[in-house]
Every structure is written in C-alpha cells, then in structure tokens.
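Each chain, letter by letter, is given below.
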Amino acid sequence: MTQLKPILSHVDNIPSAGKFKPDKSSLYYIHHRLRYQTSLPKLTIWSTIFLSLIVFFFFLSPPATPAPRRGLRTTTSYGGSGWESRIKLSAKPRSGTGHTVLVTGAAGFIGAHASVALKRRGDGVVGLDNFNHYYDITLKKSRKSKLLDRAGVFVVEGDINDVVLLRKLFGLVHFTHVLHLAAQAGVRYAMVNPNSYIRSNIDGLVNLLEVVKSSIAQPAIVWASSSSVYGLNSKVSFSEKDRTDQPASLYAATKKAGEEIAHAYNHIYGLSITGLRFFTVYGPWGRPDMAYFFFTKDILNRKQISIFEGPNHGTIARDFTYIDDIVKGCLSAIDTAKKSTGNGGKKKGEAQFRIINLGNTSPVSVHKLVSILEKLLKVKAKKKVVLMPRNGDVPITHANISLARMELGRVLGEVKKTSFPRNNLAVEEYGLMYRV
Ligand SMILES: NC(=O)c1ccc[n+]([C@@H]2O[C@H](COP(=O)([O-])OP(=O)(O)OC[C@H]3O[C@@H](n4cnc5c(N)ncnc54)[C@H](O)[C@@H]3O)[C@@H](O)[C@H]2O)c1
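Residues numbered from 1 in each chain as written. Predicted model: local features only at pLDDT ≥ 70, side-chain atom pairs only at ≥ 80, totals over all residues.

## Let's talk about the overall build of the protein
Piece 1. Assigned secondary structure in the protein consists of 14 helices and 13 strands.
Piece 2. Sorting the 436 residues of the protein into buried and exposed places 39% on the buried side. (Helix = DSSP H or I, 4+ residues; strand = E, 2+ residues; numbered from the N terminus. Buried ≥ 20, exposed ≤ 12 C-beta atoms within 10 Å, placed from the backbone.)

Rendered as structure tokens:
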C-alpha cells in the first residue's frame, strides 16, 4: 500500500471531468498565436509535406501478413535435393511388402529403439524430431549418431507443429504408417512449463492428424498414449474399459485429450488409429528424468535419494516395462493396423479405432527398485522416505494386457523376474553419459 500511495496520490491530482474548467487566459493566448503567427503560405507548405509523407509511408510499408495460427508454425528452409534424396532412401523398404513408416520423436528413448527395429526388419523409416531441451540433448544426439545413423534411419530435425515441413514430407514419401511418439513426456515438468504439453501433445497431434487426413492415401496411425490416463482410478489392474476421466496431471490430461481427438479424426475422416497406453518404460538409452535413471546417478554420487510412499505408508509401485517389449508392441500394432478408409480428407467408410495397454503386468515397488540398483551398483543408497507430493504422480500402475494379447497376436514377452536386472544396461549407458 505504501508503495502504491505515491502513484495513487498522483492519480488523485487529475481533476474529475465535472470539476475541470479551462483557464480562459491560456486559451486566449493559443488563439492569439494561431491567428497572428501562422501565415497562409506556411500552412500550405507544411500540409503538402505532411501529405507526401503519408503517401510515401503508405507505399513503403510491407503488405499485412495474417497472424500465424497457434501451433501451425512454418519453416522456410529445408535441406535441398541432397536432403530429399536421403529422405527417399531412408523411406525405401527392403522389399515390396515392407512398410514405409514416419516415426515422430525418433531421437527419443522409445522412438530410437522402434525406428531401429523397423529398419532392421526391412521397413522404410523416416524419423522426425525437434531435439528439444527437455532433457540433456547430447543423449538425443547420441541416440541419433550411435543407433539411428548406423541403422540407416534418416532423422529430419523439425517440429510436428511445422505444417509446411509435414506437407513436404508427405509430398516426398508415400507413408503407409505413422508411428507417432513425439510428445512432451514427464509428469512433474508441467509445473514448470505447462504450455509445452499443450504445444506438443495437443497442437502438434492435431497438426499431424490434419496433414495425414488430407493426404491422398492416408496412412494408418499408431501413437503413444499413456498409463497416466488412468489417473485417480483405484481399481487394479487397469483395463481399457476402466474410467479415465480423472487425470492427476496435466500430462495425463493431454494424453486423454489426445485419445478423444484421435477418435474424432477416426470418426470424421476414416483414419485408422491405434493408441497404445505405455506403462513406465525402462531400458538402455532411457530417459534421465525417470526414477531408475536419476536414482542411479544419485546413488553413485553418494547423494541422498527420496523414496515416496503413499498415505499410511502405502507402497508406490510401477509396472516397469522393458523397452524391447514396448517395441514389439509397437511393431505388432503397425502390422495389425487396418488401412485408413479416407482419401484427401473425405471418409469412405468406417475405420479401425483401438486403444490398447502395453505393460508388464507385474508392478515393482520403489523400495524393490532401489534394492535392485544397490545390488547392481554395489553401493548402499542413502534413503529418505517422504510422503508423495501431489504433483501428478499416482501410487500404483498395473496393466491388464488381455486386449494386447488378443489384438496384437504376438505375446508381449512379459518381463520375467530375472530380466529386470537388464536394467544394468541402463546403468552402463548412464556411466557413458555422465562419466561417473
Ligand atoms: N517412457 C515412458 O515410460 C512412457 C510411458 C507412457 C507414455 N510414453 C509416451 O511415449 C512417447 C515416447 O516417450 P519417450 O519416453 O521416448 O520420451 P522422449 O522424451 O525420450 O521422446 C520424445 C521425443 O519427441 C521429441 N519431441 C517432443 N516434442 C516434439 C515436437 N513438437 N516435434 C517434434 N519432436 C518432438 C523429443 O525431442 C523427444 O526426442 C511419448 O509420447 C510419451 O508420452 C512414454
């Protein structure tokens, strides 16, 4: 209030309209000056100069450009003919029966593994990633140089919100499938940068679907939703029929919105769409924002780690799912996806719409996770048990995968107890990245 006071007192000094009376003597003075000091020729000269200035600036000003629509940014320069031929080469399947897949988020954890697996089995793959700074970008660059480049997957550096780029790619290549993994991942970052979730998970998804629906031969879409859509649902295990209308985080809300948006595009335009709800994916080249990764770093650095527990000492557990199983699930979803029925934005018939859980169906408690890491690292962790804050995490995730077994045919190699220590690969990668 004291700071406001000088400002308010200044405002107080302005007289109200009713109180204001012009000072007759000053009006007389202005009138007098105008009458006796402004001659007619001077006025004419000044008016001419003024008018010519207006005409000059009118012709000089650039034409008005329409404000860009939110989420539909454009890029003006692409790599030229060399760039185009690399894309075409990367998109070429080994045989006539192979698919041609656009993988968005290709430099990400799951995207890199899935792209390499598709390429190795003979499909044509073009990657797309904006290499954003949500986590250490050198990890994304390393996935590109050490996994994707070596496998022969060309990654276009660009954003799914760049409509010009997407149209260019769809003009160059006839994609049979899109594996859409690009997203703002992570639950807690929404407290820092909520708009990044809207930009990538909502705007970006719509932008991609718009371009796909308008293409002459619409590809089928397989995309990443998340177990987080189950939110506050307390019934375990989570089945696709369970309620998903109580998200506990903005991330979950955007993934749920994505599922509804996907349904609308399937219904209106005949796009074949499969949404996969991944459950906590782990493995080599994993994400540094995930617990197994930063616990490893802190344990090795002899730093204290916080272990969350629920109210009344409730266990926090995750249905950790090994990356290879997720990749198998993605590939099976692509292989079992039916064709889109639309053409150039017009629906020609009903199209397939699926939502499928992809999980290990064997939750592991955070305490167990830490004890596995301790054993692998041969270091005792300094633990502090704290009540889980309400910042978007849920106490437990547990997938029911009956539908995955039925729909995706191939069994999703449930991770056996002995395979969980394969996490040591993640530890090795961790060592590689941070040189502990
Ligand atoms: N890893 C998990 O446990 C898990 C669980 C559930 C769902 N998912 C979903 O799976 C997908 C892949 O996850 P991940 O763990 O590999 O994450 P990630 O962050 O490693 O990969 C996502 C990639 O997408 C890119 N990207 C983000 N926004 C983009 C944009 N607007 N345009 C172009 N590229 C963009 C990022 O640079 C990143 O490389 C995401 O959709 C994520 O939400 C992951």
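## With respect to the sheet that holds strand S2 (residues 124-129)
Piece 1. Strand order in the open sheet formed by 7 strands is S3-S2-S1-S4-S5-S6-S11, and the pairing between neighbours is parallel. For this open sheet the edge positions go to strand S3 (154-157) and strand S11 (353-358), each flanked by a neighbour on one side alone. Within this sheet the neighbouring strands show an average axis-to-axis angle of 20°, counted without direction.
Piece 2. Relative to strand S6 (residues 273-278), strand S5 (residues 220-226) runs parallel, the two sharing 6 bridges. Across the sheet, isoleucine 221 pairs through a bridge with isoleucine 273, a residue of S6. (Pairing = 2+ DSSP bridges. Axes fitted to C-alpha atoms, helices over the stretch in contact; angles between N-to-C directions.)

## Things to note about the site of the ligand
Piece 1. Within the structure, the ligand sits among 29 residues, and Gly105, Gly108, Ala183, Ala224 and Phe278 are positioned closest to it.
Piece 2. Elements with a minimum of two residues in the shell around the ligand: helix H5 (109-120), S2, helix H8 (194-214) and S5.
Piece 3. Of the residues assigned to the shell around the ligand, the class counts are 13 nonpolar, 12 polar and 4 charged. (Near = placed C-beta within 6 Å. Nonpolar A, V, L, I, M, F, W, Y, C, P; charged D, E, K, R; others polar.)

## Concerning the environment of leucine 358
Piece 1. Assignment of secondary structure puts leucine 358 in strand S11.
Piece 2. Between the C-alpha atoms of leucine 358 and leucine 276, which are 82 residues apart in sequence, the distance is 6.4 Å.

## Structural notes on unusual backbone geometry
Trans is the prevailing form of peptide bonds, just as negative phi is the prevailing case for residues other than glycine.
Piece 1. A cis amide bond, omega -5°, links valine 236 with the succeeding residue serine 237.
Piece 2. By secondary structure assignment, the location of serine 237 is in the loop between S5 and helix H9 (250-269).
Piece 3. Even without being glycine, phenylalanine 131 reaches a positive phi, approximately 45°.
Piece 4. With respect to the helices and strands, phenylalanine 131 occurs in the loop between S2 and helix H6 (137-151).
Piece 5. Among the residues examined, phenylalanine 131 registers 14 C-beta atoms within 10 Å and is labelled partly exposed.
Piece 6. In this structure, asparagine 312 takes a positive phi of about 55° despite not being glycine.
Piece 7. Within the secondary structure, asparagine 312 sits in the loop between strand S8 (304-309) and strand S9 (317-318).

## Brief notes about the environment of glutamate 350
Piece 1. By the element assignment, glutamate 350 lies in the loop between helix H11 (323-336) and S11.
Piece 2. Sequence separation of glutamate 350 and asparagine 266 is 84 residues, and the distance between their C-alpha atoms is 8.1 Å.

## Section: helix H10 (residues 291-300)
Piece 1. For H10, the complete set of buried residues consists of Ala291, Tyr292, Phe293, Phe295, Thr296 and Ile299.
Piece 2. Note on H10: the residue one or two positions beyond its end, arginine 302, has a positive phi of about 55°.

## With respect to the packing of H5 against H6
Piece 1. Direction vectors running N to C along H5 and H6 enclose 15°, while the axes themselves pass 9 Å from each other. With respect to H6, the element H5 is oriented roughly parallel. The handedness of the crossing between H5 and H6 is left-handed. Touching Ala112, Ser115, Val116, Lys119 and Arg120 of H5 are Arg143, Leu147, Leu148 and Ala151, all from H6.
Piece 2. Looking at side-chain class alone, the contact of H5 with H6 contains 5 nonpolar, 1 polar and 3 charged residues. (Parallel < 35°, antiparallel > 145°, perpendicular 65-115°, else oblique. Left-handed = near helix turned anticlockwise from the far one by under 90°. Contact = placed C-beta atoms within 7 Å.)

## Remarks on helix H7 (residues 163-172)
The periodicity of an α-helix, 3.6 residues per turn, causes residues three or four places apart in sequence to face the same way.
Piece 1. Within H7, burial applies to Val163, Leu165, Leu166, Leu169 and Phe170. Buried residues in H7, looked at end-on, bunch into an arc of 160°, giving them a common side.
Piece 2. Looking at the buried side of H7, the elements it contacts are strand S1 (100-104), S2, S3 and H8. (Arc of directions from axis to C-beta.)

## Describing the packing of H10 against helix H12 (residues 366-377)
Piece 1. The contact between H10 and H12 brings their axes to 10 Å, and the two run at 50°. By the criterion of interaxial angle, the relationship of H10 to H12 is oblique. Where H10 crosses over H12, the two elements pack in a sense that is right-handed. Between H10 and H12, the contacting residues are Ala291, Tyr292, Phe295, Thr296, Ile299 and Leu300 on the first element and Val366, Leu369, Val370, Leu373, Glu374 and Leu377 on the second.
Piece 2. In terms of residue class, the contact of H10 with H12 is made up of 10 nonpolar, 1 polar and 1 charged.

## Structural notes on the pairing of strand S4 (residues 177-180)
Piece 1. A two-sided burial pattern is seen for S4, the buried positions comprising His177 and Leu179 on one face and Val178 and His180 on the other.
Piece 2. Across 4 bridges, the pairing between S4 and S5 is parallel. Residue histidine 180 lies in a different strand from S5, and its bridge partner there is tryptophan 223.

## Considerations on the confidence of the model for the protein
Piece 1. Per-residue confidence for the protein averages 82 on the pLDDT scale, and 76% of its residues sit at or above 70.
Piece 2. Note that residues 1-38 has pLDDT below 50 and, in this model, 3 contacts with residues that lie over four places away or in other chains.
Piece 3. Residue range residues 414-436 is modelled with pLDDT below 50. Its contacts to residues more than four positions away, or to other chains, number 40 contacts. (pLDDT = per-residue confidence, 0-100.)

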